[in-house]
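Examination of the molecular architecture
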Amino acid sequence: MSVQHDPVQRADFDQVMVPSYAPATFVPVRGAGSRVWDQSGRELIDFSGGIAVNALGHAHPALVKALTEQAGKLWHVSNVFTNEPALRLAKKLVDATFAERVFLCNSGAEANEAAFKLARRVAHDRFGADKYEIIAATNSFHGRTLFTVSVGGQPKYSDGFGPKIQGITHVPYNDLEALKAAISDKTCAVVIEPIQGEGGVLPADLAYLQGARALCDEHNALLVFDEVQSGVGRSGHLYAYQHYGVTPDVLSSAKSLGGGFPIAAMLTTEALASHLAVGTHGTTYGGNPLGCAVAEALLDVVNTPEVLAGVKAKHERFKTRLLQVGERYGVFSGVRGMGLLIGAVLSDAWKGKAREFFDAAAGENLMILQAGPDVVRFAPSLVIEDADIDEGLDRLECAVAKLAGA
Ligand SMILES: *Cc1c(COP(=O)(O)O)cnc(C)c1O
């Protein structure tokens, strides 16, 4: 028998929630695979994936099994003790990546906070108090804590909260010359999203990442890749750095890692990790057995040649159709991204109107995302059925046709 709840509606949001969000007009209540149902029983197709989080869609049997089995065993013990799921998850991440050490936490912002603190700590220990500067990219997004919004390259998120963290410089993304001009021996880290997500689904150029790697080595700075959005299969590789063949010193992972359960990880090498000695950093919930059990099950499914190849094939399926729709209605100037992180760039006539696409899609029972005002973003389940892709894109085309008055 299920628990009886008081009835609630979308209108209650404005009465009880901090108004920092403007959620859609309907309230989702249930999901299965790439379908979601709202309070009225309306069925939607989900191309948003909870913002690149639900890597296996909704209620995937392997994740439900991992979560419910662990829920009956052990939820939380704190880091005063370790636990089996955390150790197994860390081993899997080490086996699958450049990393030799893992710090587990609960969100992308926390993984980046750990990465930035590590970079500053390493520089402090090795070179002294003057080496603390961080270079990041314009338009980048790294989370909403004060340190991570300060590193993030979007002043709309960081302005108006008093003094920011000092020593952070922003240079244009994919501009190696600008990075070269900004870096110095005071730089402790260069932070890059291999695919800028929130900033408009913009992949890095190979030469930019290679050049950044060389500049970091030259200046004893750490190369930090924020793969919170691009990681865990989303690019068609387990991590996007593996596509580029450029290895960072530190990598942050979250979003898809838990498939919907909050968990995140900072990955690094043994030598760098040694600077975070006992007591230097911590988290109460980080590495809790529930989250780790889910992430472990998710990696077992996602990190397989079949699923990763499927992501690449589904990218092509999306892209072909999006280009057709863009051409037919004159709404998109291009389609970019990798794997199942896809951005349809609005044409000049539609610039600034991504929210209208979001609302029009919802009207056709389709959940999509924006990436800023000029890009419509798709971040569906990595195992979305081709039939769901086709039907969702039919719905998108209906929404676009109505918007374009065709
Ligand atoms: C979403 C995101 C974050 C922040 O993650 P949270 O879990 O919301 O703290 C950081 N970096 C990138 C690239 C992201 O896309």
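Everything numeric here is computed off the predicted structure, so don't read it as measured data. (Residues numbered from 1 in each chain as written. Predicted model: local features only at pLDDT ≥ 70, side-chain atom pairs only at ≥ 80, totals over all residues. Heavy atoms only, no water.)

As a further point, take the pattern of salt bridges. In total, this model carries 25 salt bridges according to the counting rule given. Linking E270 and R101 is a salt bridge whose minimum nitrogen-to-oxygen distance equals 3.5 Å. Of this pair, E270 sits in helix 11 (residues 270-273) while R101 sits in strand 4 (residues 101-105), and the two are 169 residues apart along the sequence. For R101, a relative accessible area of 37% puts it in the partly exposed group. Between R213 and D217 there is a salt bridge, and its shortest N-O distance comes to 2.7 Å. Taken as a pair, R213 and D217 lie in helix 9 (residues 206-218) at a separation of four residues, close to a single helical turn. According to the relative accessible area criterion, D217 is partly exposed, its value standing at 48%. In this structure, a network of salt bridges that share partners links the residues R35, E43, D388, E391 and R395. (Salt bridge = Lys/Arg side-chain N within 4 Å of Asp/Glu carboxyl O. Helix = DSSP H or I, 4+ residues; strand = E, 2+ residues; numbered from the N terminus. Buried < 20%, exposed > 50% of the residue type's maximum accessible area, 1.4 Å probe, protein only.)

The next thing to look at is the pairing of strand 2 (residues 35-38). Residues R35 and W37 of strand 2 are buried on one face, and the alternating residues V36 and D38, pointing to the opposite face, are buried as well. Relative to strand 2, strand 1 (residues 28-32) runs antiparallel, the two being bridged by four bridges. Among the inter-strand pairings, P28 is bridged to a residue of strand 2, identified as D38. Counted between consecutive antiparallel strands, the loop separating strand 1 from strand 2 contains two residues, among which G33 sits at a positive phi close to 60 degrees. (Pairing = 2+ DSSP bridges.)

Moving on: helix 5 (residues 108-127). Its 20 residues place the ends of helix 5 28 Å apart at the C-alpha level, agreeing with the 28 Å of an ideal helix rising 1.5 Å per residue. Of the residues trailing helix 5, G128 is marked for its positive phi of about 100 degrees. (Expected span 1.5 Å × (residues − 1).)

The strands that make up a sheet are held in pairs by hydrogen bonds between backbone atoms, and each pair lies either parallel or antiparallel. An order of 1-2-3-15 is seen for the four strands of this open sheet, with the pairing classed as mixed. With partners counted over all chains shown, the strands left at the sheet margins are strand 1 and strand 15 (366-367), one partner each. Packing against the sheet, helix 15 (residues 386-403) makes contact with strand 2, strand 3 (43-46) and strand 15, and its axis sits at approximately 105 degrees to strand 3. (Contact = heavy atoms within 4.5 Å. Axes fitted to C-alpha atoms, helices over the stretch in contact; angles between N-to-C directions.)

Surrounding the ligand, one finds S107, G108, A109, N112, F141, H142, G143, E193, D226, V228, Q229 and K255. Here a nitrogen atom of the ligand sits 3.2 Å away from a polar atom, N or O, in the main chain of F141. D226 is positioned with one of its side-chain polar atoms (N or O) 2.7 Å from a nitrogen atom of the ligand. Bound to the protein, the ligand loses 82% of the 390 Å² it would expose on its own. Residue contributions to the shell around the ligand peak at three residues, all from helix 5. (Near = heavy atom within 4 Å. Polar contact = N/O pair within 3.5 Å; in protein donor to acceptor, adjacent residues only side chain to side chain. Areas by Shrake-Rupley, 256 points an atom, 1.4 Å probe, with all protein chains shown as cover.)

When cut into domains, the protein chain gives domain 1 (10-59 + 306-403) and domain 2 (74-302). Summarising the inter-unit geometry, the C-alpha centres of domain 1 and domain 2 are found 27 Å apart. The partner domain 2 presents 25 residues to the 26 residues of domain 1 that form the contact. Roughly 2100 Å² is buried in total at the junction of domain 1 and domain 2, and carbon and sulfur atoms are behind 65% of that figure. By the criterion of area lost to domain 2, the three top residues of domain 1 are L308, M338 and L341, representing 29% of everything that side buries. In this assembly, domain 1 and domain 2 are joined by one salt bridge. If you list the elements that add at least two residues to the side of domain 1 that touches domain 2, you get helix 2 (49-52), helix 13 (305-329), strand 13 (332-338), strand 14 (341-346) and strand 17 (375-378). With four residues, the top contributor of residues to the side of domain 1 that touches domain 2 is helix 13. (Domains from an automatic or database assignment. Buried area = accessible area lost by both parts, 1.4 Å probe.)

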